[in-house]
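# Descriptive structure summary
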Amino acid sequence: MLELQQLDAGHAPAVLAFELANRTYFAASISDRGDEFYDQFTDRHRALLADQEAGLCACYVLVADDGSVLGRFNLYDIGDGTADLGYRVAQQVAGRGVATRSVRELCRIAAARYGLRTLRAATSHGNAASQKVLAKAGFVPVGPADPASLGGKSGTWYQRDLTAG
C-alpha cells in the first residue's frame, strides 16, 4: 500500500535513491536537475525542510510498504490562499493512476490543512502524461507558462479551485 507522507529528515536517503534511480526517466520529459543537485542533496534537503517549517512550502513523498519513495508531491510559493504544485513519480508506477490519486489527495490536504483555495501547476506541451494527471485531478488550463519556469520548454499553466467541492 502506498502512503502520502509529509517530508521529514528521515526520508532523505529514500528520496535521494528515488531521484537517482529515475534521473534518466525524468530527464525525458522535464529538465534534468544536474549533477550539482545530487552532489549537494543533503544540504538541499535540509534547506527544503527549513522552508517547509517556515510555511513557504509543503512537501510530501509517496512511500511504499518497504519504505522506498515512489513519488514527490510539493506545494510551493504558498501565500494568500494559493500555491503552486509540482510532482514526479517513479517510472515503475507511471501510468497506473498513482500520480492522479496522489494529486487529488494533496488537493484535499492543501484545503484542509493549509487553508488553500487555489492550486496552480505548469507543464510543458510535450508532457502529455502530466497534462492528463492534471485534467483528471480537476485542473483546467488557464494560460501559457513562461518557458523559464519549465526548463526552456513552452507549456501551460493549469489551475484548480479547491473551494468548488
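Note that the structure is a prediction, hence the values are computed from the model and not measured. (Residues numbered from 1 in each chain as written. Predicted model: local features only at pLDDT ≥ 70, side-chain atom pairs only at ≥ 80, totals over all residues. Heavy atoms only, no water.)

A separate point is the nonpolar core. Soluble globular proteins: nonpolar side chains tend toward being buried together. Formed by 43 residues in total, the largest nonpolar core has its most connected members in F73, L75, L85, V103, L106, L119 and F139. For this core, the secondary structure elements donating two or more residues are α1 (12-21), α4 (41-53), β2 (57-63), β3 (69-79), β4 (82-89), α5 (98-114), β5 (118-124) and α6 (128-136). (Core = buried A, V, L, I, M, F, W, Y, C linked by side-chain atoms within 4.5 Å. Buried < 20%, exposed > 50% of the residue type's maximum accessible area, 1.4 Å probe, protein only. Helix = DSSP H or I, 4+ residues; strand = E, 2+ residues; numbered from the N terminus.)

For A137, the position within the fold is in the loop between α6 and β6 (140-145). Residues A137 and E105, spaced 32 residues apart in sequence, show a C-alpha to C-alpha distance of 9.3 Å.

Once that is clear, we can look at the packing of aromatic side chains. In total, this model carries 2 aromatic pairs according to the counting rule given. On the numbers, 6.1 Å between centres and 10° between planes, the contact of F73 with Y87 is stacked. Of this pair, F73 sits in strand β3 while Y87 sits in strand β4, and the two are 14 residues apart along the sequence. Classification of F73 by relative accessible area gives buried; the value is 0%. One Lys or Arg, R88, reaches over the ring of F26 and ends 4.3 Å from the middle of that ring. Its guanidinium or amino end placed over the ring of W157, R120 lies 3.7 Å from that ring's centre, counting from NZ or CZ. (Phe/Tyr/Trp six-rings, centres within 6.5 Å; stacked < 30°, edge-to-face > 60°. Lys NZ or Arg CZ within 6 Å of the ring centre and 35° of its normal.)

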